[in-house]
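If you want the building blocks of each chain, they are given just below.
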Amino acid sequence: MSSFNPAVAATFSPPVMEARRWLADITFAPDRPLINVSQAAPVDPPPEPLRRAIAEAALHRDEAHLYGPVLGNADLREALAETWSQAYAAPVEPGQIAITQGCNQAFCAAIATLAQAGDEVILPVPWYFNHKMWLDMAGVRTVPLACDEAMLPDLERAATLIGPRTRALVLVTPNNPTGAEYPPDLVRRAFDLCQRHGIALVVDETYRDFHSAAQPGVTPPHNLLSLQGAGDTLIQLYSFSKAYRLTGHRVGAVVASTRRMVEVEKWLDTVAISTGQLGQIGAVYGLRNLSDWLASERLEILARRRAAEAAFEGLDGWTLKSCGAYFAWVAHPFKDTSAEIAPRLVREAGVLALPGTMFMPDDDENGAGHFRFAFANVDADGITHLADRLRSFAG
């Protein structure tokens, strides 16, 4: 038998796929359907005007079916640079942007330019599991960073974790899985810390468009792009999937220095050559034409956040630790671990949610006491029904 890469073989299986297997052989009554709060991805298609733009391109633009530039189509890089400059009140050039096949690939590309096997990257816990998976597969050691009770990373602790092989600190804000929105001051202090130590600050802003306080073009989520030396320290990641419902088209971005783009281009050329043309065309259309539509989507997500906060506030035994963007991070009241409870929630309550153990190191007991509920695809009534089912669940 041929051998397996031990780093890949030792990496845990995709959590969402594991959770879906809990649905096998279970039938849900029509009057009590499954409430699926396991995955943070839009289930509706893009708005019709965007779909029409993609359809027209598929029919009438020959280049939409060919390889494109490795770093992305010029019009999308230009449109995103303009949007980014406005959102952060700081100049961003198209040459600082690479278009990737989703934000996961953006993260992989960034890490590939930063770290080699044996190096270290600091991840706040709970972490986004795909970040941990990629680091494991690349042979990069993940250094867990604890968060406080508000689910904000402890930067004083982070300073003690930086060693000779540390290459980056990664922040996700608004956070997956906790929903926590990191205050601008915290993000700035993280930048200062990384700059002092000569490591990168990687900021994944997949859910930026649904921030409760920061509004594109009005209030930026942070001021890092305007700081001296930002290009030597800061790497930003973005996803068009959440903003414009382009999950199936896989369009993301890396925003960093032009020097880093030289290295990103090498990596992307060997992995995908170029990001799909139709998704990029859809993303350009969204940036140029759907700002009002996206603003309304943001308001809807914020309304669901308020509904989730109200629902868990009245749910005895369950404690809402943080909430924002697509997520609620919740402590459960039972003696069994969240990993043991999660399959029973499916069978007994018709709720599919991911246990906190999927976002934590195996030796971190906090994972056993928590769940992530992704509420972006559940309307206010659905969130009320979710709370009712959790209330009646006996554990």
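Thresholds applied
Residues numbered from 1 in each chain as written. Predicted model: local features only at pLDDT ≥ 70, side-chain atom pairs only at ≥ 80, totals over all residues. Heavy atoms only, no water. Buried < 20%, exposed > 50% of the residue type's maximum accessible area, 1.4 Å probe, protein only. Helix = DSSP H or I, 4+ residues; strand = E, 2+ residues; numbered from the N terminus. Expected span 1.5 Å × (residues − 1). Arc of directions from axis to C-beta. Contact = heavy atoms within 4.5 Å. Salt bridge = Lys/Arg side-chain N within 4 Å of Asp/Glu carboxyl O. Pairing = 2+ DSSP bridges. Axes fitted to C-alpha atoms, helices over the stretch in contact; angles between N-to-C directions. Parallel < 35°, antiparallel > 145°, perpendicular 65-115°, else oblique. Left-handed = near helix turned anticlockwise from the far one by under 90°. Nonpolar A, V, L, I, M, F, W, Y, C, P; charged D, E, K, R; others polar. Phe/Tyr/Trp six-rings, centres within 6.5 Å; stacked < 30°, edge-to-face > 60°.

**Considering helix α6 (residues 129–137)**
Then step 1. Of the residues making up α6, those classed as buried are Phe129, His131, Lys132, Met133 and Leu135.
Then step 2. One or two steps after α6, the chain reaches Gly139, where phi turns positive at roughly 75°.

**Observations regarding helix α3 (residues 48–60)**
Then step 1. When the terminal C-alpha atoms of α3 are compared, their 18 Å separation across 13 residues agrees well with the 18 Å that a helix rising 1.5 Å per residue should span.
Then step 2. The set of residues buried in α3 consists of Leu50, Ala53, Ile54 and Ala57. Taken down its axis, α3 places every buried residue within 95° of arc, on the same side. Among the exposed residues of α3, those oriented more than 90 degrees off its buried face are Arg52, Leu59 and His60.
Then step 3. Tucked inside the fold, the buried residues of α3 contact α10 (240–244) and α12 (277–289).

**Focus on the pattern of salt bridges**
Then step 1. Applying the stated criterion to the full structure yields 19 salt bridges.
Then step 2. The closest approach of N and O atoms between Arg305 and Glu181, which form a salt bridge, is 3.0 Å. Taken together, the residues span a long stretch of sequence, with Arg305 in helix α13 (residues 291–313) and Glu181 in the loop between β5 (166–172) and α8 (184–197) at a distance of 124 residues. Residue Arg305 shares its accessibility class with Glu181, and that shared class is buried.
Then step 3. The partner of Arg259 in a salt bridge is Asp232, and the shortest N-O contact between them spans 2.3 Å. One end of the pair, Arg259, is in helix α11 (residues 258–271); the other, Asp232, is in helix α9 (residues 230–233), and 27 residues separate them in sequence.
Then step 4. When salt bridges that share partners are traced, they join Asp119, Arg165 and Arg167 into one network.

**Thoughts on the pairing of strand β9 (residues 319–324)**
Then step 1. Pairing analysis gives five bridges linking β9 to strand β10 (residues 327–331), with the strands arranged antiparallel. Each bridged residue has a counterpart across the sheet, and for Ser322 the counterpart in β10 is Trp329.

**Here we look at unusual backbone geometry**
Then step 1. Cis geometry marks the peptide bond from Val125 to Pro126; its omega dihedral reads 5°.
Then step 2. Inspection of the secondary structure puts Pro126 in the loop between β3 (120–124) and α6.
Then step 3. Here the phi dihedral of Asp25 falls at roughly 65°; this positive angle occurs in a residue that is not glycine.
Then step 4. Here Asp25 is to be found in the loop between α2 (15–21) and β1 (35–36).
Then step 5. Owing to a relative accessible area of 84%, Asp25 belongs among the exposed residues under this scheme.
Then step 6. Non-glycine residue Ala325 carries a positive phi angle of around 50°.
Then step 7. A residue is classified by how much of its surface remains accessible, and Ala325, at 1% relative accessible area, is buried.

**Let's talk about the packing of α13 against helix α15 (residues 380–392)**
Axis angle and axis distance: for two packed helices, these are the angle between their axes and the distance between the axes, and together they describe the pair.
Then step 1. Contact pair α13 / α15: the axes reach a minimum separation of 9 Å and the direction vectors enclose 20°. Considering their axes alone, α13 and α15 lie roughly parallel with respect to each other. In terms of crossing hand, the pair formed by α13 and α15 is right-handed. Every residue of α15 that contacts α13 at Arg304, Ala307, Ala308, Ala311 and Phe312 is listed here: Ala380, Ile383, Ala387 and Leu390.
Then step 2. Here the residues of the contact of α13 with α15 sort into eight nonpolar, no polar and one charged.

**Section: the packing of aromatic side chains**
Then step 1. Summed over all chains, the structure comprises 17 aromatic pairs.
Then step 2. Ring centres 5.2 Å apart and planes at 80° place the aromatic pair Tyr238 and Phe240 in the edge-to-face group.
Then step 3. Judged by relative accessible area, which is 0%, Phe240 ranks as buried.
Then step 4. A network of ring pairs unites the aromatic residues Phe312, Trp318, Phe334, Phe371, Phe373 and Phe393 as a single cluster.

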